[in-house]
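Inside the fold
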Amino acid sequence: MKFGKSLGRTIEDVPSQWRPFAIQYKTLKKCIHKIVQELNDKGISLDIRKAVLNATEGYKMEYSSEVNPTHIRSYIQLDLDAYSPDIRLSHPLTGHTLESIQSDFTKCNSCYVSSSLSLPSTDSNDTDSTTSTTSSSDSHDDIIAENISLCNNSTMNQPLHRMTCIELEKDSEFFDTLLEEVSQLNQLQQQNKEEYMDRVKRLGDILIKVTSPYKKDMYTWREIFQLYLRAEIFIGNTEADRDEHDLEFTQKQFKWFSDELSRTDLSRKFKLSSSKEAFQEFLRINNDLIMMKQFQYINKTAMSKILKKHDKRTYLTASFKFGKLLKHDSYFTGTMGKSLCHVMNKQLSTITPQIEDHTCPICTFIYWKPIRLCCGHVFCVRCLIKSERKKMRNCPICRYEDAVHKADSSNLDIPLQNFIKLYFPREVKAKREENGRQEVSEEMEIIARSQFGGNECHIM
């Protein structure tokens, strides 16, 4: 299927209010036809463009452009004196000699030449060569006399090269259209961003209420968010994977998340009607963010293909320069999606504390009676008792000297302990039961170490 038809079908899947902002691929294709016609009308046929434009040194016809935020001026610059008789003889071209190129070009462009200027030559020949060149009877002399202004600099003793610029109005219109469409996409992106941020904030306000430790749905929400963070739908959760994921991976991971929700049947465990409503809004926000990524991908693809088609049909190498311009454009860099994903993940981790953020680095289970050492690291009291008995006096993480040995009951982090008891009551209960089962054996270990002259533990 051709890309234009595929694009039209894909656009139908995005919200109707976004469709007018999409890259108008078919319209731009028609613009390319007009560019080709304009080039032919000005005597710059495809054979000439292939052979001369931006070619090796000695062929002095160059396609160029001037770029500003609202307008791109496209033109072809020709060094008229580069096509001297000796160059014509030494550079025959298939179907076109340089002489015929020069003749066709000047004949067709007498009314299109926007500005002509004689410039100092880089040739080291003396000024006599200039006189002989300017007085020659080449086929383009009449055009030169009418359209070329010589530099009025009396101190310029170097030979002068006569330059002319041919404006490419249709090419300029093509890129002005692209600039306008990029500008509209940025406006739409900013509008969507503001709406998305407002929705996430309102959802966050609801989640604060329904995930309260005093409500019955706290653990259901925690399980859902654990699955969501594990899915890494939009961005990774590790330091090695902080980049925004591409559309295909995002869709794949969101499907996995949805399948896991169905398998575990978590949504049916909600007790509060407000939780059920918040859950549906949570899914809608994620679906809309994926839709934003899809719309962005569509426009990136359309932009890439239309620029390649422009260069292929016209043989004007514009895509590189315009591509560099887009590298600084916020819509095509993809930074918005990444920032929105960070907002979502931050909301979830803040509203519903995850057990992974409150586990002891030694036993990898939830803190119970958390001891905060002088270096700031936190461990279970029992884990530190075991470390002390093994003569491990320093912090197990940063090796802060005597951090474990100097810890006592004043190092108990009471606010953290209360927080853990409030938000993780099931885990605390399981930990205390496990500690109870180990209590007898650990007491026997303490007695045994005391009999062998071990140091007294200061923590308990």
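Residues numbered from 1 in each chain as written. Predicted model: local features only at pLDDT ≥ 70, side-chain atom pairs only at ≥ 80, totals over all residues. Heavy atoms only, no water.

The name that an unreviewed UniProt entry assigns to the protein is SPX-domain-containing protein, with the source organism given as Rhizophagus irregularis.

Focus on the overall build of the protein
Helices and strands together make up the secondary structure of the protein, namely 17 helices and six strands. Counting only residues that meet the buried cut, the protein has 43% of its 460 residues in that class. For the protein, contacts bridging at least 24 residues in sequence account for 73% of all contacts bridging at least 6. As displayed, the protein offers around 25500 Å² of accessible surface, 51% of which is attributable to carbon and sulfur atoms. (Helix = DSSP H or I, 4+ residues; strand = E, 2+ residues; numbered from the N terminus. Buried < 20%, exposed > 50% of the residue type's maximum accessible area, 1.4 Å probe, protein only. Contact = heavy atoms within 4.5 Å. Areas by Shrake-Rupley, 256 points an atom, 1.4 Å probe, with all protein chains shown as cover.)

Here we look at the environment of Phe249
Along the polypeptide, Phe249 turns up in helix α10 (residues 247-264). Judged by its relative accessible area of 31%, Phe249 is partly exposed. Beyond its immediate chain neighbours, meaning those up to four positions away, Phe249 contacts Glu232 and Ile233.

What about a positive patch on the surface?
A contiguous patch of positive charge on the surface is contributed by Lys2, Lys5, Arg9, Lys26, Lys29, Lys30, Lys34, Lys305, Lys308, Lys309, Lys312 and Arg313. Residue assignment for the positive patch shows that the elements contributing at least two residues are α1 (3-11), α2 (25-41) and α11 (273-314). For the positive patch, the element with the highest residue contribution is α11, accounting for five residues. Note that Lys5 resides in helix α1. (Patch = residues over 30% accessible without salt bridge, like charges linked within 9 Å, V, L, I, M, F, W, Y side chains within 5 Å. Salt bridge = Lys/Arg side-chain N within 4 Å of Asp/Glu carboxyl O. Lys, Arg positive; Asp, Glu negative; His and termini not counted. Charge placed at Lys NZ, Arg CZ, Asp CG, Glu CD.)

Side note on helix α9 (residues 218-231)
Side chains three or four residues apart in an α-helix point the same way, a direct result of the helix having 3.6 residues per turn. Along its 14 residues, α9 runs 20 Å from first to last C-alpha, staying within 8% of the 20 Å computed at 1.5 Å per residue. Taking burial as the measure, the 14 residues of α9 include eleven buried ones, the bulk of the element. By the burial criterion, the buried members of α9 are Met218, Tyr219, Thr220, Trp221, Arg222, Ile224, Phe225, Leu227, Tyr228, Leu229 and Ala231. Positive phi appears at Glu232, one or two residues downstream of α9, with a value of about 50 degrees. (Expected span 1.5 Å × (residues − 1).)

Describing the packing of α2 against helix α8 (residues 169-210)
Between α2 and α8, the least distance of the axes is 8 Å, while the angle of their chain directions is 160 degrees. The angle between α2 and α8 falls in the class roughly antiparallel. Where α2 crosses over α8, the handedness of that crossing is left-handed. In this structure, α2 contributes Leu28, Cys31, Ile32, Lys34, Ile35 and Glu38 to the contact, and α8 contributes Glu169, Lys170, Asp171, Phe174, Thr177, Leu178 and Glu181. (Axes fitted to C-alpha atoms, helices over the stretch in contact; angles between N-to-C directions. Parallel < 35°, antiparallel > 145°, perpendicular 65-115°, else oblique. Left-handed = near helix turned anticlockwise from the far one by under 90°.)

Some words on unusual backbone geometry
Its identity as a non-glycine residue notwithstanding, Thr364 has a phi of 55 degrees, on the positive side. With respect to the helices and strands, Thr364 occurs in the loop between α14 (335-351) and β5 (370-372). Despite not being glycine, Arg399 has its phi angle at roughly 65 degrees, a positive value. Positionally, Arg399 belongs in the loop between α15 (381-389) and α16 (414-423). Look at Arg399 and you get exposed, because its relative accessible area is 54%.

A few points about the side chain of Thr250
Along the chain, the position of Thr250 falls in helix α10. Not counting chain neighbours up to four residues away, the residues in contact with Thr250 comprise Ile233, Phe234, His245, Ile290 and Lys293.

Observations regarding the environment of Cys363
Looking at where Cys363 falls in the secondary structure, it is placed in the loop between α14 and β5. Judged by its relative accessible area of 28%, Cys363 is partly exposed. Sequence spacing of Cys363 and Arg382 is 19 residues, and the spatial spacing of their C-alpha atoms is 9.5 Å. Among residues more than four places away in sequence, those in contact with Cys363 are Cys380, Cys383 and Lys431.

What about the environment of Met197?
Position of Met197 among the secondary structure elements: in helix α8. Those residues in contact with Met197 that sit more than four places away from it in its chain are Leu340 and Val343.

A closer look at the confidence of the model for the protein
Per-residue pLDDT for the protein averages 76, and the proportion of residues at 70 or more is 72%. Counted against residues more than four places away or in other chains, residues 84-98, with its pLDDT under 50, gives 23 contacts. A low-confidence stretch, residues 112-160 (pLDDT under 50), is modelled with 74 contacts involving residues beyond four sequence positions or located in other chains. (pLDDT = per-residue confidence, 0-100.)

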